[in-house]
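An overview of the molecular structure
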Amino acid sequence: MTRTAAIWLFVGLAGYVFLPWYMTPHGFWSFGWVIDPQGGGESGLYHLLSGRFWLVGPLLGILAGFAVLGIIKPPIARSRGFIITATAGLALMIAQGLLIKNAGRAAAEVSLWQPGMGAGAFVVALSLLFVLTSGISGLGKGRGDAFITSLIGLIVALVAVFVFYPMSFILVQAFALKGGQGYGISEFLPRFFDDTVWSLACLMGSGYCGAAVNSLVLGLSTALGTTVMGLAFALVFTRTAFPAKPFLRILSILPIITPPFVIGLVLILLFGRSGTITVYLSDFLGTEKTRWLYGFWGVWLAQMLSFTPIAFLVLIGVVEGVSPSIEEASQTLDATAWQTFHRVSLPLMRPGLANAFLLGFIESVADFGNPLVLDGNFNVLSTEIYYAIVGTVADPAKAGILSITLLSMTLVAFLAQRKWLGKKNYATVTGKADNGQNAALNPGMKWACYALALPWAAFTLVLYGLILLGSFVKLWGYDHTLTLEHYTRAFGMVFRNGVHFVGSAWDSYFTTLTIAAISAPLTALVGLLTAYLLVRQKFAGKDAFEFSTMLSFAIPGTVIGVAYVMAFNFPPIELTGTAIILILVFVFRNMPVGLRGGIAAMSQLDKSLDEASIMLGANSATTLRRVILPLLGPAILAAITYSFVRAITSVSAVIFLVSARHNMATAFIVGRVENNEYGIAIAYSAVLIVTMLVAILLLQALIGRRTLRRTDRVQTA
């Protein structure tokens, strides 16, 4: 503990003395501040000596920590000293950032304003945080393991800064009084329980339901459907001898790598009032042309296509993790294949089923793209929040109230999931040898899975065949003359004295791939480390912390984008217009998928594995790296795949955060659609689909299959 605290105290002092305290004009990584340290790269010490007296707070915290290190000898007293000094330093630093604003800039009172915090402030804050967590470990918390307490402190701090802090800007608007007369609760409850939100009229056949009721019904239907479909695909892959598994796997994940509005557009061209299938059925079978697609069924179908891959990615690792020995024991006791699956295998899959259902529900109620295209008169919370923010008459209070409504539904779903799982032990992967093979499905169950998965895969293949075809025709749905014009305009290259990328889409394409490649591993890392803490560690407030990690996922991306603009458009954290803000929104928006997948997979790993590693002299960090992570292959693959794909296909959060320097693919596509350049938009979508498909296959080859038993080694070889 003492050595760790001492190292971080020296790191914090170095950051205060040498690194730029505020954001540099050309970015930290340009290192222009090294050449000209007084051209925007001044350190905290320089600013303190120049008259910015409020910067003395963090320095006092560091110096007090050194005093504790040198003067106080008893371990417990020294730990308490580290906690007190680091907490005081962090509190003074937070106060300095929040209270000293840009108010003096307009009045030319330079001494009263400050720009956004930079690398120096970040290093100092991080060092004080780890000194604090080292002191906590010195008191015996977290089993006295500095790695565990530091990990908890880091993730709590990240969630507080990049989830709670921006969301507070939106949620506080729910209590705004009409006419800008301040804040209060007198208008909150009447607006929260308004009939437009909670009306049950449609269920009684006398009108339309409220947005919250529609979202609830849609969310439950989508969650149930995606969980069942995802389980069917997972069972086909792990418990049958289906010959075309690689091709089927590609089809199962295709929808997740599609820009959100493309699926809705394809469904309209197929099943809309003038769609291909609708017209065909009308001409040859005499059926009436209807608008059934625009409403609940259309949105549900689009969400089923969009979110089934998430359930599949979560469930396949859980299904693989069920121990064959347990299933063989059941069959030895004369249980049939169906009884073994129903009474043994399926209950052991409950963590995966529960997490897949929760993710499907949250994805559905927070979905923005599909309802925007297909909702018709079927209003849901996500679109109502969007219209409240960007409508002709903006109503931030309504957006805040609807956001709280959506969060309330998510909280209930979260608590229901925890209740269903209970405190039972689902561990099936232990340190003992396991040479068997998973029990095959009984014929009825196998054909039921085939009946669900194969037609769905065929339907997906048809949809993506149409998307690919649409990129090669002049005007999709009207003029089907084949052409390469859309690809030439978007991705044209000139080979003259080298390769020149002249297409209009190249800049956004390269920017998108770069940001996705950076954010994906960070998202997986944060999500899986959080899952490790929640499954393997005990600490105060764990349940509340687990729910807090779902906040950014439960809120529509539009609200997240606006919240990030409101929070990070001015000091103390000024990130608007940078690539960092895009990376951060992707990391904390998509982190819950890695978290839920990690929890589901880690629940199957017996804690005796950790105990055996620690008894052999390994610390928690080594145990996590050498024992736990190698057994989480499917969860790691799911987290990286989902976060990489979402960073490329996300549109609702990104639309408010892109800049001329950092434009994203989906923002470019939306711009083309607004200009009626549908061919370029579809061609770009096709290129993104191919790009993500190649990336996913490379990730699968890189991460590989986890080896749980000897038969896996044979199959892998």
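None of these values were measured; they are calculated from a predicted model.

1. Quick look at the overall build of the chain
Across its full length, the chain carries 33 helices and four strands. Looking at the chain as a whole, 55% of its 717 residues are labelled buried. Of the contacts formed within the chain by residues at least 6 apart in sequence, a portion of 74% connects residues at least 24 apart. A total of about 31,500 Å² of accessible surface is found on the chain, and carbon and sulfur atoms cover 67% of it.

2. Brief notes about the packing of aromatic side chains
Counted by the stated rule, this structure contains 35 aromatic pairs. When the centroid spacing of 5.8 Å and the interplanar angle of 80° are considered together, the rings of Trp 506 and Tyr 509 count as edge-to-face. Here Trp 506 and its partner Tyr 509 are both found in helix H23 (residues 506-536), three residues apart, which amounts to about one turn of the helix. Note on accessibility: Trp 506 and Tyr 509 belong to one class, buried. What links up through ring pairs into an aromatic cluster is the set Phe 162, Tyr 165, Phe 169, Tyr 564, Phe 568, Phe 570 and Phe 588.

3. Section: the packing of helix H1 (residues 2-18) against helix H4 (residues 56-71)
One way to put it is that H1 packs onto H4 with a least axis distance of 10 Å and a crossing angle of 150°. Crossing handedness for the pair H1 and H4: left-handed. Listed contacts from H4 to Thr 2, Ala 6, Leu 9, Phe 10, Gly 12, Leu 13 and Tyr 16 of H1 are Val 56, Pro 58, Leu 59, Ile 62, Gly 65, Phe 66 and Leu 69. Classifying every residue of the contact of H1 with H4 by side-chain character gives 11 nonpolar, three polar and no charged.

4. Quick notes on helix H6 (residues 119-138)
If you check H6, its first and last C-alpha atoms are 29 Å apart, about what 20 residues at 1.5 Å a residue would give, namely 28 Å. Of all the 20 residues making up H6, 15 are buried; the element is thus mostly covered by neighbouring parts of the structure. Downstream of H6 by a residue or two, Gly 140 has a phi angle that is positive, lying close to 95°.

5. A closer look at the nonpolar core
In terms of nonpolar packing, the biggest core is built from 174 residues, with Phe 233, Leu 235, Ile 257, Leu 267, Met 349, Tyr 564 and Tyr 684 touching the most fellow members. Element by element, the count of residues in this core is highest for helix H14 (residues 296-321), at 16 residues. Beyond its immediate sequence surroundings of up to four residues, Leu 235 is in contact with Thr 240, Val 319, Phe 341, Met 349, Leu 441, Met 445 and Cys 449. The next biggest cluster of nonpolar side chains, apart from the first, holds 24 residues, and it includes Tyr 16, Leu 55, Met 93 and Ala 121.

6. Some details on the pattern of salt bridges
In a structure, side chains of opposite charge can pair up when their charged atoms sit close to one another. In total, this model carries one salt bridge according to the counting rule given. Across the pair Lys 398 and Glu 384 runs a salt bridge, and its minimum N-O distance is 3.6 Å. Here the residue Lys 398 occupies a position in helix H20 (residues 396-421), and Glu 384 occupies one in helix H19 (residues 381-390), the gap between them amounting to 14 residues.

7. With respect to the side chain of Thr 483
Mapped onto the secondary structure, Thr 483 falls in the loop between strand S2 (479-482) and helix H22 (485-491). Here the side chain of Thr 483 touches Glu 485 through a polar contact of 3.0 Å, landing on its backbone nitrogen. Sequence-distant contacts of Thr 483, defined by excluding residues within four places in its chain, comprise Ser 471, Phe 472, Val 473 and Lys 474.

8. Structural notes on the environment of Ile 682
Summarising the element assignment, Ile 682 is placed in helix H32 (residues 678-703). Among the residues examined, Ile 682 registers a relative accessible area of 8% and is labelled buried. Through-space distance from the C-alpha of Ile 682 to that of Pro 259 is 9.8 Å; in sequence the pair is 423 residues apart.

9. Some words on a nonpolar patch on the surface
A cluster of nonpolar residues, Ile 277, Tyr 280, Leu 281, Phe 284 and Leu 285, forms a patch on the protein surface that exposes about 520 Å² of accessible area. When you line up the elements, Phe 284 lands in helix H13 (residues 276-285). Classification of Phe 284 as exposed rests on a relative accessible area of 62%.

10. Regarding the environment of Gly 671
The residue Gly 671 is located in helix H31 (residues 665-674) in this model. For the pair Gly 671 and Ala 681, spaced 10 residues apart in the sequence, the C-alpha separation amounts to 8.6 Å.

11. Section: the confidence of the model for the chain
Of the residues in the chain, 89% reach a pLDDT of 70 or more, and the chain-wide mean stands at 81. Note that residues 708-717 has pLDDT below 50 and, in this model, 24 contacts with residues that lie over four places away or in other chains.

The rules behind the values
- Residues numbered from 1 in each chain as written.
- Predicted model: local features only at pLDDT ≥ 70, side-chain atom pairs only at ≥ 80, totals over all residues.
- Heavy atoms only, no water.
- Helix = DSSP H or I, 4+ residues; strand = E, 2+ residues; numbered from the N terminus.
- Buried < 20%, exposed > 50% of the residue type's maximum accessible area, 1.4 Å probe, protein only.
- Contact = heavy atoms within 4.5 Å.
- Areas by Shrake-Rupley, 256 points an atom, 1.4 Å probe, with all protein chains shown as cover.
- Phe/Tyr/Trp six-rings, centres within 6.5 Å; stacked < 30°, edge-to-face > 60°.
- Axes fitted to C-alpha atoms, helices over the stretch in contact; angles between N-to-C directions.
- Left-handed = near helix turned anticlockwise from the far one by under 90°.
- Nonpolar A, V, L, I, M, F, W, Y, C, P; charged D, E, K, R; others polar.
- Expected span 1.5 Å × (residues − 1).
- Core = buried A, V, L, I, M, F, W, Y, C linked by side-chain atoms within 4.5 Å.
- Salt bridge = Lys/Arg side-chain N within 4 Å of Asp/Glu carboxyl O.
- Polar contact = N/O pair within 3.5 Å; in protein donor to acceptor, adjacent residues only side chain to side chain.
- Patch = residues over 30% accessible without salt bridge, like charges linked within 9 Å, V, L, I, M, F, W, Y side chains within 5 Å.
- pLDDT = per-residue confidence, 0-100.

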